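# Residue-level structure breakdown
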Amino acid sequence: QVQLVESGGGLVQPGGSLRLSCAASGSIFRIGAMNWYRQAPGKEREFIAIITSGGIKRYADSVKGRFTISRDNAKNTVYLQMNSLKPEDTAVYYCKGSFTASDYDPWKDYWGKGTLVTVSS
């Protein structure tokens, strides 16, 4: 069992910056790919960014050049640095990761509860 807890959300002005964190705890032996998603009320959850266990990164076109994903496996934490924020970035941001408890256990995906980011003047 793994728990993911996002933090760092809040209210910012357009053009501002926020840094989101996602800390994992529980039965963790290895961590695979880590992802950020977001969801606005009444809309479907959308993919934002991924970082693989090998450090390969990919971003949605809507955030490319503005957001940066990173990870610190020693701290079991993934980050999302968000710059040049726009009102359309307003959403609940969710962390998702793949984990295994040992070399003999299957990989499982876990989701955090989300953190709200509001971009408004």
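Quantities reported herein were computed from a predicted structural model and do not represent experimental measurements. (Residues numbered from 1 in each chain as written. Predicted model: local features only at pLDDT ≥ 70, side-chain atom pairs only at ≥ 80, totals over all residues. Heavy atoms only, no water.)

## Examining the overall build of the protein chain
- Across its full length, the protein chain holds zero helices and 11 strands.
- Out of the 121 residues belonging to the protein chain, those deemed buried represent 42%.
- A total of about 6600 Å² of accessible surface is found on the protein chain, and carbon and sulfur atoms cover 48% of it. (Helix = DSSP H or I, 4+ residues; strand = E, 2+ residues; numbered from the N terminus. Buried < 20%, exposed > 50% of the residue type's maximum accessible area, 1.4 Å probe, protein only. Areas by Shrake-Rupley, 256 points an atom, 1.4 Å probe, with all protein chains shown as cover.)

## A short note on the environment of Arg-38
- Mapped onto the elements of the fold, Arg-38 is located in strand S4 (residues 30–39).
- Each C-alpha atom, one on Arg-38 and one on Ser-17, is 16 Å from the other, the two residues being 21 residues apart in sequence.
- Excluding residues within four positions of it along the chain, Arg-38 makes contact with Glu-44, Arg-45, Glu-46, Ile-48, Ser-62, Val-63, Phe-67, Glu-88, Asp-89, Ala-91, Val-92 and Tyr-93.
- A polar atom in the side chain of Arg-38 sits 2.9 Å from the side chain of Asp-89.
- Engagement of the side chain of Arg-38 in a polar contact is seen with the side chain of Tyr-93, the distance being 2.9 Å. (Contact = heavy atoms within 4.5 Å. Polar contact = N/O pair within 3.5 Å; in protein donor to acceptor, adjacent residues only side chain to side chain.)

## Section: the packing of aromatic side chains
- Under the definition given, this model contains three aromatic pairs.
- Ring geometry for Tyr-37 versus Phe-47: centroids 5.8 Å apart, planes at 80°, classification edge-to-face. Of this pair, Tyr-37 sits in strand S4 while Phe-47 sits in strand S5 (residues 46–51); the two residues are 10 residues apart in sequence, bridging distant segments of the chain.
- With a relative accessible area of 23%, Phe-47 lands in the partly exposed category.
- Residues Phe-99 and Tyr-110 carry aromatic rings whose centres are separated by 6.0 Å and whose planes lie at 65° to one another, so their mutual orientation is edge-to-face. Of the two residues, Phe-99 is situated in strand S9 (residues 91–100) and Tyr-110 in strand S10 (residues 108–111); the sequence distance between them amounts to 11 residues. Assigned by exposure class, Phe-99 and Tyr-110 land together as buried.
- Cluster of aromatic residues (ring-pair linked, three or more members): Tyr-37, Phe-47 and Trp-111. (Phe/Tyr/Trp six-rings, centres within 6.5 Å; stacked < 30°, edge-to-face > 60°.)

## What to know about the sheet that holds strand S8 (residues 77–82)
- With antiparallel pairing, four strands are arranged side by side in an open sheet as S1-S3-S8-S7. Looking at strand neighbours, the two that pair on one side only are strand S1 (2–7) and strand S7 (67–72), the edges of this open sheet. With strand direction ignored, the average angle separating the axes of adjacent strands in the sheet is 15°.
- Of the pairings in the sheet, the one linking S7 to S8 comprises six bridges and is antiparallel in character. (Pairing = 2+ DSSP bridges. Axes fitted to C-alpha atoms, helices over the stretch in contact; angles between N-to-C directions.)

## Quick word on the environment of Ala-91
- With respect to the helices and strands, the residue Ala-91 is situated in strand S9.
- Separated by 23 residues in sequence, Ala-91 and Gly-114 place their C-alpha atoms 9.5 Å apart.
- Residues in contact with Ala-91, not counting those within four places in the same chain, are Arg-38, Gln-39, Ala-40, Thr-115, Leu-116 and Val-117.

## Notes on unusual backbone geometry
- In this model, Asn-76 sits at a positive phi of 50°, which is unusual for a non-glycine residue.
- Residue class for Asn-76 comes out partly exposed when judged on its relative accessible area of 25%.
- Of note, Ser-84 is a non-glycine position whose phi angle comes to about 50°, a positive value.

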